[in-house]
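Structural overview
Chain by chain, the residues:
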Amino acid sequence: MPVNAMPAEFSYTSDLCARNGMPQRWIDVSQLATVRPGAEVVFELPAGERARLSALLGELDDPYDELRFAELVAQSHALLERTGAFDPVRAIRSPLNAGFYLLRNLPVCDPASRGATNERLLLMAAAALGSPFGFEAWHRSEIVHSIEPKQGAADQQLGDGNVELLWHVEDAHTALAPDYFALLCVRADPAVRTFVRKIDVRELDASTLQRLSEESFLIGADESFRERSAERAAVLSYRPDGGLAVRYDPLYTTCASPEHAAALDVLTSCLADGATGIVLEAGDMLVVDNRAAVHSRSSYTPRFDGRDRLLRKVFIRTEPLAAHDAASSSPFLVAAPAAEGIPSC
Ligand SMILES: O=C(O)CCC(=O)C(=O)O
Ligand SMILES: [Fe+2]
């Protein structure tokens with residue numbers, strides 16, 4: 001099927017999408033209260049361990065030297081584990097996880113001063129959970145991606161925009177979506193909040209749950225992918241280990257019937273309640289369970305003076321890549337998923 005063709009049975013957009021035209025008005029996250037994450041999901045690296053982690057980072061010249069990388073990951077993880085009462089990795093792996101955790105006081109550097117140190121830090125901390133990876137067709141095939149406001153991109157529904165970023169999971173359009181993703185804050189903006197909301201199926205009535213569990217949604221890739229593909233999928237399904245797999249990104253989703261579009265809207269309308277709003281500070285790493293939780297970000301006003309908010313982001317898989325999913329160019333890259341068509345609102 002040509003990439004731009006839409007399968008005939010998909011033509012219903014969600015009501016919220018159709019009604020507003022202005023996607024940033026779907027849910028006004030700026031109206032949400034900032035709820036500081038509870039102590040059970042926040043872990044602060046003590047000063048001594050911060051210094052030791054910083055020294056370990058200095059030993060890693062090339063973060064993609066696999067053997068050396070694996071060794072340093074093991075050391076950094078052991079160091080993180082030794083430090084306290086809270087083991088973030090165990091916390092997020094539990095099926096009862098909160099949908100995210102926040103590691104604070106990591107040794108980030110001024111990005112201008114010390115090359116790829118922040119990249120190494122993110123990769124080491126992320127690798128405690130699994131394998132960091134990127135999509136071959138995503139941006140310039142980077143594994144670690146920068147999120148910072150770009151002039152001319154203000155109203156884009158991408159990290160680089162500065163309008164409200166709607167609720168979504170990362171890469172809902174592909175079954176190869178990351179299990180977790182990590183955001184490392186390099187430069188903060190106290191006015192910006194990132195929201196995380198764990199999905200709880202007990203909040204949904206039986207018919208909404210049934211509809212959302214049907215493969216009646218065509219979910220497309222966002223504009224950051226060079227090759228725009230889409231997959232037919234259920235918004236909610238269960239993984240083999242019994243955990244939930246959420247594929248939620250209404251902006252890029254077209255539904256097979258008005259009932260399926262309405263079910264998506266019901267889910268959307270639940271999200272504002274119970275979301276956690278986090279103001280990321282420099283040295284914070286927010287790790288989100290991308291299968292269990294959705295996230296969003298408030299709008300803000302960048303200055304474009306070189307000191308705007310800067311995050312680094314990486315995707316993480318817990319399972320090794322199947323050979324047919326791996327890109328030929330790098331063991332850290334996933335090949336482009338097959339195209340079914342491109343939905344749009
Ligand atoms: O800027 C943030 O806090 C979140 C960015 C985000 O969700 C994204 O880049 O997909
Ligand atoms: Fe995101």
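What counts as what
All residue numbers refer to positions counted from 1 along the written sequence of the respective chain. Chains and ligands are labelled by the order in which they are written, letters from A for the one and numbers from 1 for the other. Local features in this predicted model are restricted to residues of pLDDT 70 or higher, and side-chain atom pairs are both shown and tallied only at a pLDDT of 80 or more, whereas totals for entire chains, interfaces and linings draw on every residue. The burial label depends on the number of other C-beta atoms within 10 Å of a residue's C-beta. Counts of 20 or more mean buried, 12 or fewer mean exposed, and intermediate counts mean partly exposed, with C-beta atoms placed from the backbone. Secondary structure is summarised from DSSP: a helix means a run of H or I of at least four residues, a strand means a run of E of at least two, and numbering begins at the N terminus for each. For two strands to count as paired, DSSP must find a minimum of two bridges between them. Fitting a line to C-alpha atoms yields each axis, with helices limited to the stretch in contact; the angle taken between N-to-C directions then spans 0 to 180 degrees. Using a C-beta atom placed from the backbone, a residue is described as near a molecule or strand when that atom lies within 6 Å of it. Only Asp, Glu, Lys and Arg are considered charged, only Ala, Val, Leu, Ile, Met, Phe, Trp, Tyr, Cys and Pro nonpolar, and every remaining residue, Gly among them, polar. The span you would expect from a helix comes to 1.5 Å times its residue count less one. What the arc measures is the spread of directions leading from the helix axis to the C-beta atoms.

What follows deals with helix α5 (residues 117-126). With 10 of 10 residues buried, α5 is to be regarded as a mostly interior element. Buried within α5 are the following residues: Thr117, Asn118, Glu119, Arg120, Leu121, Leu122, Leu123, Met124, Ala125 and Ala126.

Spatial ordering of the open sheet is given by β5-β15-β7-β13, a layout of 4 strands whose pairing is antiparallel. Two strands close off the open sheet at either side, each with one partner strand: β5 (165-168) and β13 (276-278). Taking each pair of neighbouring strands and ignoring which way they run, the sheet shows an average axis angle of 15°.

The next thing to look at is the site of ligand 1. Every residue close to ligand 1 is listed here: Ile147, Gly159, Leu165, Glu170, Thr194, His295, Arg297, Leu311 and Lys313. Elements with a minimum of two residues in the shell around ligand 1: β15 (293-297) and β16 (310-317). Each residue belonging to the shell around ligand 1 can be placed in one class, and the counts come to 3 nonpolar, 3 polar and 3 charged.

Turning next to helix α7 (residues 258-270). Taking 1.5 Å of rise per residue, the 13 residues of α7 would be expected to cover 18 Å, and the 19 Å separating its terminal C-alpha atoms lies within 8% of that figure. Regarding α7, the residues found buried are His260, Ala261, Ala263, Leu264, Leu267 and Thr268. In an axial view of α7, the angular spread of the buried residues amounts to 160°, which keeps them on one side of the axis.

Remember, this is a structural readout, not a statement about activity or role.
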